[in-house]
Amino acid sequence: MYELNGLFRKRMGIPENQKITFETLDHILRKTALSLPFENLSIISNKTSIITKESLITKMLVKNEGGLCYQLNPLLYFFLVENGFNAALVRGEVYNYATKDWSKLGRTHVTILLQHKGQTYLVDTGFGGNLPLKPVPLNGETTSSVNGEFRVKAMESDYGDYVLELKLKYKDTDWKIGYAFDTKRPLENLSELNEVQGIIVQHKESRFNKTPLITQLTSDGNVTLTDTSFTQWMNGKSSKEQIDSVKFKELAKQHFGFQEL
């Protein structure tokens, strides 16, 4: 059995003896975002495994891979609980801003709700490049970070009772919906994560089962790698280059630490 707390701290660069408090969570979330890529390579290579606490530790803390929301956020959730936080996992439905419609996959986004001093906060390290990097209160107040502005508003829908809205730095001029989520239906066990993974892997409209995608925040922007292109955002300026499969492997190793592909 692997020991999650120590391995998590080692991968994120958090000292072993550092006490994790609510006030230091933004520091933890930033470290996590800079260390764990959002990626679907195990799906593309047909190497997914049943999700357990142990398999999440192995994938992201022993093999040093990344994952998608249903892997990244549960890993962070386990770390938070081990460090004394009152947290729960919930499911949500992502909004497709291009089509102005909800995704066709159902409630496949997995995120974290945290209780602190009578207030509920959304904590998410599994939403690609759209990470708040701080706990976002469920009272509508705007939270600002180096990645943009974020707020959570009460809104009843078929997919839950709240929505996350965001305005990414350098990218968005207006607020847009990220996803809806349901505070009244916390995950009762990890089997729900396997249900989510099954949909992501098999659904014909899943955007994660067709081509490889790796994206990660950097200290001054973010980087995104697909099988055909590499895009870098640095201080609000974007550059994009077309690549081939050889270059893909080089860049996956150089920027995201993937040793073998």
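As the structure is a computational prediction, the values presented were derived from the model and not from experiment.

Enquirer: Run through the overall build of the chain, naming residues and quoting values.
Expert: Within the chain, the regular secondary structure consists of seven helices and 14 strands. On C-alpha atoms alone, the chain measures out to a radius of gyration of 17 Å, which is about the 18 Å that the 2.2 N^0.38 rule sets for 261 residues. Burial status across the chain gives 51% buried among its 261 residues. Long-range pairs, those at least 24 residues apart, make up 51% of the contacts in the chain between residues at least 6 apart in sequence. Carbon together with sulfur atoms contributes 48% to the accessible area of the chain, which is approximately 12,700 Å² in total. Computed over 32 positive and 30 negative side-chain charges, the separation of the two mean positions in the chain equals 3 Å.

Enquirer: A description of the side chain of N40 should follow, citing residues and the corresponding values.
Expert: With respect to the helices and strands, the residue N40 is situated in the loop between strand 1 (38-39) and helix 3 (41-44). Polar side-chain contacts of N40 include one of 2.7 Å to the backbone nitrogen of L213. Sequence-distant contacts of N40, defined by excluding residues within four places in its chain, comprise L68, F208, T211, P212 and L213.

Enquirer: Break down the nonpolar core for me, with residues and values.
Expert: Counting residues in hydrophobic clusters, the biggest one holds 42 residues, and the most contacted among them are F8, Y70, L75 and L114. Looking at this core, the elements with two or more residues in it are helix 1 (4-12), helix 2 (25-35), helix 4 (53-62), helix 5 (69-82), strand 2 (86-96), strand 4 (109-116), strand 5 (119-123) and helix 6 (191-202). Of the residues forming this core, the biggest block, nine residues, is contributed by helix 5. Formed by 18 residues, the second largest nonpolar core is a distinct cluster that contains L113, V136, F150 and Y162.

Enquirer: Before we move on, can you summarise the sheet that holds strand 13 (residues 229-234) with the specific residues and values?
Expert: The five strands lie next to each other as 1-11-12-13-14, forming an open sheet whose pairing is antiparallel. Each edge of the sheet is formed by a strand with only one pairing partner; in this case those strands are strand 1 and strand 14 (237-242). For strand 1 and strand 11 (residues 213-218), the ladder comprises two bridges, and the chain directions are antiparallel. Each residue of the ladder has a partner; that of E39, found in strand 11, is I214.

How each quantity is defined
Residues numbered from 1 in each chain as written. Predicted model: local features only at pLDDT ≥ 70, side-chain atom pairs only at ≥ 80, totals over all residues. Heavy atoms only, no water. Helix = DSSP H or I, 4+ residues; strand = E, 2+ residues; numbered from the N terminus. Rg over C-alpha atoms; globule rule 2.2 N^0.38 Å. Buried < 20%, exposed > 50% of the residue type's maximum accessible area, 1.4 Å probe, protein only. Contact = heavy atoms within 4.5 Å. Areas by Shrake-Rupley, 256 points an atom, 1.4 Å probe, with all protein chains shown as cover. Lys, Arg positive; Asp, Glu negative; His and termini not counted. Charge placed at Lys NZ, Arg CZ, Asp CG, Glu CD. Polar contact = N/O pair within 3.5 Å; in protein donor to acceptor, adjacent residues only side chain to side chain. Core = buried A, V, L, I, M, F, W, Y, C linked by side-chain atoms within 4.5 Å. Pairing = 2+ DSSP bridges.

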